[in-house]
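One-letter residues, chain by chain:
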Amino acid sequence: MFRDVTFGQYYPSDSFVHKMDARVKLLLNLVYLVGIFFVVSFVGFAWITLFLLVAILASRVPVRNVLKSVKGVLFLLFFTVILNIFFTKGDNLLVKWWIIEIYAEGLIFAGKMFLRLSYLVIGSSILTLTTTPVDLTHALESLLKPLTWIKVPVHDLALIMSLALSLIPSLINETDRIIRAQKARGADFDTGGLIKRAKAFVPILIPLLVSSFRRAEELAFAMNSRCYEGATHRTCMRVMKLSWRDFLGTSVVLVFFVAVFIVYGTQTTWGTAEQLGWLYF
Amino acid sequence: MHIIKLTDVSYSYKVPAEDDSYTWQVGVKNIDLEIEQGSFVALVGHNGCGKSTLAKLLNGLFVPHSGKVEVAGMFTDDNKSIFNIRSNVGMVFQNPDNQMVTSIVEEDIAFGPENLGVPQKEIVERVHWALAKVGMSEFARRTTTRLSGGQKQRIAIAGALAMHPQVLVLDESTAMLDPQGRKEVLEVVHSLNKEEKMTVILITHFMEEVLGADKVVVMNHGCKVTEGTPMEVFSRSRLLEEVGLKVPRTIELARRLKSAGWNVDENCTDATELGDRVCQLLHNN
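Predicted, not measured: the structure shown is a model, and the values here were computed from it.

A. Looking closely at the overall build of chain B. Broken down by element type, chain B carries 10 helices and 10 strands. Radius of gyration (C-alpha) of chain B: 21 Å, near the 19 Å computed for a compact globule of 285 residues. When its C-alpha atoms are laid out on the principal axes, chain B stretches across 70 × 55 × 40 Å. Taking all contacts inside chain B whose residues are at least 6 apart in sequence as the whole, residues at least 24 apart take part in 63%. Of the roughly 13000 Å² that chain B leaves accessible, carbon and sulfur atoms contribute 48%. Side chains of chain B give 30 positive and 38 negative charges; the mean places of these two sets differ by 1 Å.

In structure tokens, the structure reads:
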């Protein structure tokens, strides 16, 4: 049942993007996420498309894998588009039938919303496709380190994340085992309505919970045996080093988004849609 | 010279009763034990006999309620030396999945030295050394989830080795493995004992595994029943039976053959060797 579940969507490769420092990738992803909200025209989205294509090419991840990430938010996308089409009012009425009115502005707005949301997901998935969860954890720990000054237990949080990541596969196996054991004793998980099926999962959750606690206790013993006592005096084996790739990658992304900001950021603040003309559309 | 010495050690577990009171359940009781530096000691007994409690007493995970545990001249009830003791007594547990801290092999092995505050360059050296010792150098960058049980346990051993301990305690570390995995782990442990002169304490309920040991300690109901060389212990077969343990089958067979008048070595531990001997005798007749 859970055989196919692989956690994270890391796509192993040796590409330019894969070899970049996880911290840099994380920060650039933030720049991208913010930057994309400045883009207001289809021309701008065309440029973003080009940018994404270059990024995907440099990461050597098949386009199909990248697009797969959008599948997860398809439902959300669909709703956003529908809502925007039907509830945006404008000047150019295209269709009027019963209480439904569709305006050209609605279609345009929905289209832009669709692009913006899916590009958000696609951009972030390039990060997760090229960076292992472990690297991401390290990057987060390293980037959030300044917060230890205000007593945020950054190291502990990172360790919790890392432990959770390493426990997920064994918990999945455990769930699988419990399901099989219960099926062998005649439990039925596949028929009946939603409520009946949900109820059938209770006998799975309880043993899973119990075994998780047992696991946690054993893990605590194992960690204590290996002299764990929190972040104090702790050293780290992994060294994160910046390479020419990080500087090149950062330069490209920054130049691109500075350009985006100059074109849209300043004009949307100072001008109106009419003044912007084709840039706005 | 002994590296670990237990003097009249007792430990009990607090068990909640139905009303809010507690009862005490004996873990181990009045244990006296000396473990020689560089020796290979097997600790046997059936489930619930106190083996694992004893293991946890050895590196200060549990502190005895009475008596003393001395490790390399330090006592486990002294809070100041607890980290020194734990880095001296590496511990490998039963379930390989429950002792992995991260999902990358080399990072998991580095966990111990990182906690000890070892400088970064030395950690890398220690990790490579430990991986080589358990014969898994090529797995350094792999994820732990895709490894077999035996491989995971070897990684766990490497994780303990990276702290440069003098003693390695294996708390039923072979119990959940298939025969191949058990073999891998035992080979690694025996070679560490021979080549690195590491003191090994192997806790098990497989009697076959105690054969290579210098000393066997038998436990029952939290008490030490007997100790001695494997052959000495196997010769007390009635005592073993009383505590629910069995002499390894090969030895059992050799002994029966011997008592039936066959000219075989009654302490033969190798099934193939015994088989060959029997064939030879049959052929001669």
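B. Representation of the interface of chain B and chain A. Counting residues at the interface gives 40 residues for chain B and 28 residues for chain A. In total, chain B and chain A occlude about 3000 Å² of area from one another, counting both sides; carbon and sulfur atoms represent 58% of this. Notably, a salt bridge pairs B:Glu114 with A:Arg234, separated by 2.9 Å at the nearest N-O pair. At the boundary of chain B with chain A, the tally comes to 14 residue pairs in polar contact (both at pLDDT 80 or more). Elements with a contribution of two residues or more to the side of chain B that touches chain A: helix H2 (82–88), helix H3 (105–116) and helix H4 (120–133) of chain B. Among the elements that line the side of chain B that touches chain A, the one with the most residues is H3(B), at 11 residues. Residues that form the side of chain B that touches chain A fall into these classes: 18 nonpolar, 13 polar and nine charged.

C. Spatial organisation of the side chain of B:Glu209. Residues and elements named next belong to chain B. Position of Glu209 among the secondary structure elements: in the loop between strand S8 (199–204) and strand S9 (215–220). You can call Glu209 buried: its relative accessible area is 3%. A distance of 3.1 Å separates a polar atom in the side chain of Glu209 from a polar atom in the side chain of Arg182. Aside from chain neighbours lying at most four places away, what touches Glu209 is Thr174, Arg182, Leu186, Leu202 and Thr204.

D. Representation of the sheet that holds strand S5 (residues 74–75) of chain B. Residues and elements named next belong to chain B. A sheet is described by the order of its strands in space; here four strands give the open sequence S2-S1-S4-S5, paired in antiparallel fashion. In this open sheet, the two edge strands, each paired with only one partner strand, are strand S2 (22–36) and S5. Relative to S2, strand S1 (residues 2–16) runs antiparallel, the two being bridged by 11 bridges. Bridge pairing in S2 links Val15 to Thr23. Across the face of the sheet, helix H1 (residues 51–58) comes into contact with S1, S2 and strand S4 (66–71) while running at roughly 120° to S1.

E. Representation of the pairing of S1(B) in the model. All names here are of chain B. Turn length for the S1-S2 hairpin, with the two strands adjacent in sequence and antiparallel, is five residues. As judged from the five bridges shared by S1 and S4, these two strands associate in the antiparallel manner. Its bridge partner lying in S4, Lys5 is registered against Glu70.

F. Up close: the pairing of S8(B). Residues and elements named next belong to chain B. Within S8, six of the six residues are buried, which leaves it mostly tucked inside the rest of the structure. Burial along S8 is two-sided: Thr199, Ile201 and Ile203 facing one way and Val200, Leu202 and Thr204 facing the other are all buried. As paired elements, strand S7 (residues 167–171) and S8 share five bridges and run parallel to each other. Bridge pairing links Asp171 to Ile203 in S8. Chirality of the crossover, the property in question, places the unit of S7, helix H6 (residues 179–195) and S8 among those that are right-handed.

G. Region of interest: unusual backbone geometry. Residues and elements named next belong to chain B. Although it is not a glycine, Ala72 sits at a positive phi angle of roughly 45°. Take Ala72: it is sitting in the loop between S4 and S5. With a phi angle near 55°, Lys197 is a residue other than glycine that sits in the positive phi range. In this fold, Lys197 is placed in the loop between H6 and S8.

H. Geometry of the pattern of salt bridges. Applying the stated criterion to the full structure yields 19 salt bridges over all chains. When salt bridges that share partners are traced, they join A:Asp135, A:Arg238 and B:Glu107 into one network.

I. Representation of the nonpolar core in the model. Core analysis: the biggest nonpolar cluster contains 49 residues, and B:Ile109, B:Ile157 and B:Leu170 have the highest contact counts within it. Examining the composition of this core, we find that six residues originate from one element, helix H5 (residues 149–161) of chain B, more than from any other. Beyond its immediate sequence surroundings of up to four residues, B:Ile109 is in contact with A:Arg226, B:Val127, B:Ala130, B:Leu131, B:Ile155, B:Ala158, B:Gly159 and B:Ala162. Grouped together as the second largest cluster of nonpolar side chains are 33 residues, B:Ile3, B:Tyr11, B:Phe93 and B:Val169 included.

J. Highlighting the packing of helix H7 (residues 133–144) of chain A against helix H8 (residues 154–184) of chain A. Residues and elements named next belong to chain A. With their axes 9 Å apart at the nearest point, H7 and H8 run at an angle of 170° to one another. As judged from the angle between their axes, H7 and H8 are roughly antiparallel. From H7, Pro133, Val134, Thr137, Leu140, Glu141 and Leu144 reach across to H8, where they touch Val154, His155, Ala158, Met161, Ser162 and Leu165. Of the residues that constitute the contact of H7 with H8, the class distribution is eight nonpolar, three polar and one charged.

K. Geometry of the sheet that holds S7(B). Residue and element names in this part refer to chain B. If you trace the six strands from one edge of the open sheet to the other, you get S6-S7-S8-S3-S9-S10, paired in mixed fashion. Each of the sheet's edge strands pairs with one partner strand only, and the pair in question is strand S6 (89–92) and strand S10 (223–228). Neighbouring strand axes in the sheet, compared pairwise and without regard to direction, differ in orientation by 20° on average. Running over the sheet, H5 touches S6 and S7 and is turned about 165° from S6.

L. Examining the packing of helix H4 (residues 63–71) of chain A against helix H6 (residues 104–130) of chain A more closely. Residue and element names in this part refer to chain A. Running from N to C, H4 and H6 point in directions that differ by 125°, and their axes come no closer than 9 Å. On the basis of the axis angle, H4 is oblique to H6. The handedness of the crossing between H4 and H6 is right-handed. On H6, the residues touching Asn65, Val66, Leu67, Ser69 and Val70 of H4 are Ser118, Val121, Ile122, Ser125, Ile126 and Leu129. For the contact of H4 with H6, a count of residues per class yields seven nonpolar, four polar and no charged.

Reading guide: rules and limits
Residues numbered from 1 in each chain as written. Chains lettered and ligands numbered in written order. Predicted model: local features only at pLDDT ≥ 70, side-chain atom pairs only at ≥ 80, totals over all residues. Heavy atoms only, no water. Helix = DSSP H or I, 4+ residues; strand = E, 2+ residues; numbered from the N terminus. Rg over C-alpha atoms; globule rule 2.2 N^0.38 Å. Contact = heavy atoms within 4.5 Å. Areas by Shrake-Rupley, 256 points an atom, 1.4 Å probe, with all protein chains shown as cover. Lys, Arg positive; Asp, Glu negative; His and termini not counted. Charge placed at Lys NZ, Arg CZ, Asp CG, Glu CD. Buried area = accessible area lost by both parts, 1.4 Å probe. Salt bridge = Lys/Arg side-chain N within 4 Å of Asp/Glu carboxyl O. Polar contact = N/O pair within 3.5 Å; in protein donor to acceptor, adjacent residues only side chain to side chain. Nonpolar A, V, L, I, M, F, W, Y, C, P; charged D, E, K, R; others polar. Buried < 20%, exposed > 50% of the residue type's maximum accessible area, 1.4 Å probe, protein only. Pairing = 2+ DSSP bridges. Axes fitted to C-alpha atoms, helices over the stretch in contact; angles between N-to-C directions. Right-handed = clockwise from strand over helix to strand, strands pointing away. Core = buried A, V, L, I, M, F, W, Y, C linked by side-chain atoms within 4.5 Å. Parallel < 35°, antiparallel > 145°, perpendicular 65-115°, else oblique. Left-handed = near helix turned anticlockwise from the far one by under 90°.

Read these as layout, nothing more, since geometry by itself doesn't imply function.
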